[in-house]
Amino acid sequence: MIQAVKPIYNNRIPNKEYVTATIIHEIIHGYFKIEYGLASSDPWDHGEMAGNDYFNKMKYALKEVFPNLSETDAQALVWIGLQDTDKYKDKPLSEKNAIEYIAMNYRVGLSGTKCN
Ligand SMILES: [Zn+2]
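What you are looking at is a predicted structure, and each value in this text was computed from that prediction instead of being measured.

**Considerations on the overall build of the chain**
At step 1: Scanning the chain from N- to C-terminus turns up seven helices and zero strands.
At step 2: When burial is assessed residue by residue, the chain has 27% of its 116 residues classed as buried.
At step 3: Considering only contacts within the chain whose residues lie at least 6 apart along the sequence, 67% involve residues at least 24 apart.

This is the structure:
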């Protein structure tokens, strides 16, 4: 399905919420690198981010920048960077589909605040 609509997506720019979620995600990677050095790797980092402590911190950071962002959308934007974690993979398919649908709409600029 994603394959079929790819040409349309290619012309679209992610909205600010998606970009900000990505930046927050990368900042946490940077923090882990400083804190844990070489022991830090993507699978390990993502496992930590999927834990309630960091997950909530990332979600609140996003909601601080976008106060009108719904809880569901904020969670989806954090989860979309953590799809390789067991915690994500263990979710019911319907929930994963909902998360991916919400995040994709921000990714292609259909939901959220346009970058100008
Ligand atoms: Zn990452």
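**Things to note about the packing of helix H2 (residues 16-36) against helix H4 (residues 52-65)**
How two helices sit against one another is set out by the angle between their axes and by the gap between those axes.
At step 1: Running from amino to carboxyl end, H2 crosses H4 at an angle of 140°, the nearest separation of the two axes being 10 Å. Judged on the interaxial angle alone, H4 and H2 are oblique. The interaxial crossing formed by H2 with H4 has right-handed handedness. On the side of H2, the interface is formed by Thr 20, Ala 21, Ile 24, His 25 and Ile 28, while H4 contributes Tyr 54, Met 58, Ala 61, Leu 62 and Val 65.

**Considering the nonpolar core**
At step 1: Within the largest apolar cluster, 19 residues are counted, with the highest numbers of intra-cluster contacts made by Leu 62, Ala 76, Leu 77, Val 78 and Ala 103.
At step 2: Of all elements in the fold, only H2, helix H3 (42-50), H4, helix H5 (71-79) and helix H7 (93-107) reach the threshold of two or more residues within this core.
At step 3: Ranked by residues supplied to this core, first place goes to H5 with five residues.
At step 4: Ignoring sequence-local partners within four residues, the contact set of Ala 103 consists of Ala 76, Leu 77 and Ile 80.

Rules and cut-offs
- Residues numbered from 1 in each chain as written.
- Predicted model: local features only at pLDDT ≥ 70, side-chain atom pairs only at ≥ 80, totals over all residues.
- Helix = DSSP H or I, 4+ residues; strand = E, 2+ residues; numbered from the N terminus.
- Buried ≥ 20, exposed ≤ 12 C-beta atoms within 10 Å, placed from the backbone.
- Contact = placed C-beta atoms within 7 Å.
- Axes fitted to C-alpha atoms, helices over the stretch in contact; angles between N-to-C directions.
- Parallel < 35°, antiparallel > 145°, perpendicular 65-115°, else oblique.
- Left-handed = near helix turned anticlockwise from the far one by under 90°.
- Core = buried A, V, L, I, M, F, W, Y, C linked by C-beta atoms within 7 Å.

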